[in-house]
Amino acid sequence: MSNLESDKFINYQRIEDNLKIVRDRLRHPLTLAEKIVYGHLDDAKNQDIERGVSYLRLRPDRVACQDATAQMALLQFMSAGLPSVAVPTTVHCDHLIEAQKGGVADLARANDINKEVYSFLSSCSQKYNIGFWRPGSGIIHQIILENYAFPGGMMIGTDSHTPNAGGLGMVAVGVGGADAVDVMADIPWELKCPKVIGVKLTGKLSGWTTPKDVILKVAGILTVKGGTGAIVEYFGPGVDSISCTGMATICNMGAEIGATTSLFPFNSRMADYLRATKRGGIANYATAFQHNLIPDAGAKYDQVIEIDLNTLEPHVNGPFTPDLATPLSQFKDAVIKNDWPRELKVGLIGSCTNSSYEDMSRSASLAQQALDAGIPAKSKFTITPGSEQIRATIERDGQAAVFDKIGGIVLANACGPCIGQWDRQDIKKGEKNSIFISYNRNFTGRNDANPATHAFVTSPELVTAMVFAGDLTFNPMTDTLQGPNGPFKFEAPSGNELPPRGFDPGVDTYQAPPKDRSSVAVDVSPTSDRLQLLSPFAKYNPKNYENIDVLIKVKGKCTTDHISMAGPWLKYRGHLDNISNNMLIGAINISNNKANSIYNKLTNQFEAVPKTARDYKAAGKPWVVIGDENYGEGSSREHAALEVRHLGGVAVIVKSFARIHETNLKKQGMLPLTFANPADYDKIDPEDLVSIVGLDSFQPGVPLTLHVTKPEGAKVDIKLNHTFNEGQIGWFKAGSALNLMAESTK
């Protein structure tokens, strides 16, 4: 399965055996997504299989955790009382390194500040037979692509961009830490049987158009929730014009359309990448098994989108949402029409989405053109290598030197500004400005915690070219810049897909678990403000659902960044009580159109959301949250569910949920419920008292009732839907999925 795991093997025969059973049952051609998903069924013979309806019980091949989410996942796994993880698992230190001065200095600072957390993750990994990637190794998704992903595999990861591994034909799904704990504990993983959206690619990429433009176009078509409940499967003759790492870019940003995951069929480009990363044996094995790594002829998709790569334009998406897609030829007009800040303050390339050797080479080719023409960079420029291997290779092959000559700053091999770890000094908070990023996500305040920053997502090539113009209205495909020798026009970018001299592995940053783990101790200080051992949540109590308060009625978009902000809060990811001080502080209260200001019925004044929740909890007053559409979109951040539960919440009632957040709430013993009629959202006010009726006979498919009592005494009944199955109702009654797991191991 990996050169780093000599005792773990790929089991294609299991897929073959499962699919024989499934084909006999379904009797229709299968999509690639179906082949891989059904090939990992725990019980193919008896499993109910209906797209969009059935809950599948699956056996993933491996688990991956990044350091911010790994803390809570491992704390939960420890409380389950098991001696070792049941499937290959890795932990990657990439989220806690703040971009400030540059790679070396920032890494040293992070090692000092986060020493306690890194020590915990390292020792816990050793104790429970987990592979550990030290700080500076790189971003989890690039490390996975380089070392662990394989065609036809299934992986879950505690980060929403886990689907990056779809670039190697893997069904890789972002989940909450509680789901990861299930798989690590040898419990089948539950997933609602996904629908399959097919994206047929014809033609061939060329010129300025890149793989990034494929997903930017798809995001514009499907929007941030158009892929919810579905796997996006790319197929067609255009696939072969895209590199393996380019396919990974497309799959990575599929998280922005709410898709369960995205993937490509196995082809020669994947085989080339496997061989380049010293996994030729896997390439040969996959080639022999290729019949199950491509869709069947005549496979049916729930929806089909067609994109002609010959005519696809470069795109710029944003600001403030990754699905506002504008073709480059129309972007200048959009900038002027919307009065977006024309000056480009900073261009940032890299991240888990776009930091391949190909990305860096093509971007460096543009920088070299400008250097040769004597054109200086007008904007600040940062480069985030996706892994130590990429950093070392571009340093050896000269791309890093080109970036240095134009004043670019190479940041640490980590997430950095992409997830808000950016100590930005060039503007003041609240100052309106524009940045271009080759990242995946651009929600308000995401990158630099400044709500006035207009972040535009595009390809690394376009970011690089725009840095030399410093002006959003510049089109490098058609416009010229004035240089010392006259007008200068960029030629289309060029670069190698893979390094001709092979990859340079750089510094060895991997820690394998020891053969003898018996003497390893995991130390968590009881006085730590970074780490806190977990206490079980209380079991179901009917009284907690009668005449309870509405803590907040949220107006409009409420992502996991609104519910549990990242940035400086990341340091508390292992301490539930401390991080709960950021609960819902970004959500807009419908009563006053303000963030972090709600009416506290105990003090009769407007106060912070976490403070009010703590007051209610201390007074024994449970509460609910009322929310809008696609509540909880964005990151896989399970803290957004844990905090609400920890501070006394019992239910979140909304028009609709993002998939991962709904599951995370269920795992923590919460009730995620949806209005049967979305218009009923308007019938509830923050001053009301509510009761959730029907829990005494809680059953799958049977709606509940919200009994609303107005301050003046009027009453309203509202029908609420839910998606709980029998097993998930068991989590609810036990108080959490972890409680139920701990009971079963006694």
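Named according to an unreviewed UniProt entry, the protein chain is Aconitate hydratase, mitochondrial originating from Physocladia obscura. Quoted verbatim from the Catalytic activity (unreviewed entry) heading of the UniProt record, the comment on the protein chain is "citrate = D-threo-isocitrate". The UniProt entry for the protein chain carries the following comment under Subcellular location (unreviewed entry): "Mitochondrion".

### Observations concerning helix 19 (residues 609-618)
Of all the positions in helix 19, only Val 609, Pro 610, Thr 612, Ala 613 and Tyr 616 are classed as buried. Taken end-on, helix 19 shows its buried residues confined to a sector of 160°, consistent with a single buried face. Those residues of helix 19 that are buried are in contact with strand 22 (548-553), strand 25 (598-600), strand 26 (605-607) and strand 27 (623-626). Gly 620, located one to two residues past helix 19, shows a positive phi value of around 70°.

### With respect to the environment of Asn 433
Here Asn 433 lies in strand 17 (residues 433-437). Exposure remark for Asn 433: the relative accessible area of 1% places this residue in the buried category. Expressed as a C-alpha distance, the spacing of Asn 433 and Ile 548, which sit 115 residues apart in the sequence, is 43 Å. Each residue touching Asn 433, except ones within four places of it in the same chain, is listed here: Pro 341, Lys 345, Arg 424, Ile 427, Asn 450, Ala 452, Thr 453 and His 454. At a separation of 2.9 Å, a polar atom in the side chain of Asn 433 contacts the side chain of Arg 424.

### Brief notes about the side chain of Ser 564
Along the chain, Ser 564 turns up in the loop between helix 17 (560-563) and helix 18 (576-579). Side chain to side chain, Ser 564 and Asn 582 meet in a polar contact 3.5 Å long. The contact partners of Ser 564, leaving out residues within four places of it in the chain, are Ile 579, Asn 582, Arg 637, His 639, Ala 640 and Glu 643.

### Some points on the packing of aromatic side chains
Two aromatic rings, taken as a pair, are described by how far apart their centres are and by the angle between their planes. Applying the stated criterion across every chain yields a total of 26 aromatic pairs. Judged by centre distance (5.8 Å) and plane angle (70°), the rings of Phe 381 and Phe 403 are edge-to-face. Within this pair, whereas Phe 381 is found in strand 15 (residues 380-384), its partner Phe 403 is found in helix 15 (residues 399-405), the two being separated by 22 residues in sequence. Given the relative accessible area of 3%, Phe 381 is considered buried. Taking 5.1 Å as the distance between ring centres and 45° as the angle between the ring planes, the aromatic pair formed by Tyr 540 and Phe 732 counts as tilted. Of this pair, Tyr 540 sits in the loop between strand 21 (510-511) and strand 22 while Phe 732 sits in helix 22 (residues 726-734), placing them 192 residues apart in sequence.

### Some words on the pattern of salt bridges
Applying the stated criterion across every chain yields a total of 38 salt bridges. Ionic pairing is found between Arg 269 and Glu 497, a salt bridge with its closest N-O pair at 2.8 Å. One end of the pair, Arg 269, is in helix 10 (residues 268-276); the other, Glu 497, is in the loop between strand 20 (486-488) and strand 21, with 228 residues separating them in the sequence. Per residue, the accessibility class of Arg 269 equals that of Glu 497, and both read buried. Asp 339 is paired through a salt bridge with Lys 432; the nearest N and O atoms lie 4.0 Å apart. Note that Asp 339 is positioned in the loop between helix 12 (328-338) and strand 14 (344-350) and Lys 432 in the loop between strand 16 (409-410) and strand 17, a separation of 93 residues in sequence. Given a relative accessible area of 54%, Asp 339 falls into the exposed group. The class of Lys 432 is partly exposed, set by a relative accessible area of 47%. A single network of salt bridges, built from pairs that share partners, joins Arg 23, Lys 35 and Asp 296.

The rules behind the values
- Residues numbered from 1 in each chain as written.
- Predicted model: local features only at pLDDT ≥ 70, side-chain atom pairs only at ≥ 80, totals over all residues.
- Heavy atoms only, no water.
- UniProt positions renumbered as here; feature names shortened; annotations may be inferred.
- Buried < 20%, exposed > 50% of the residue type's maximum accessible area, 1.4 Å probe, protein only.
- Helix = DSSP H or I, 4+ residues; strand = E, 2+ residues; numbered from the N terminus.
- Arc of directions from axis to C-beta.
- Contact = heavy atoms within 4.5 Å.
- Polar contact = N/O pair within 3.5 Å; in protein donor to acceptor, adjacent residues only side chain to side chain.
- Phe/Tyr/Trp six-rings, centres within 6.5 Å; stacked < 30°, edge-to-face > 60°.
- Salt bridge = Lys/Arg side-chain N within 4 Å of Asp/Glu carboxyl O.

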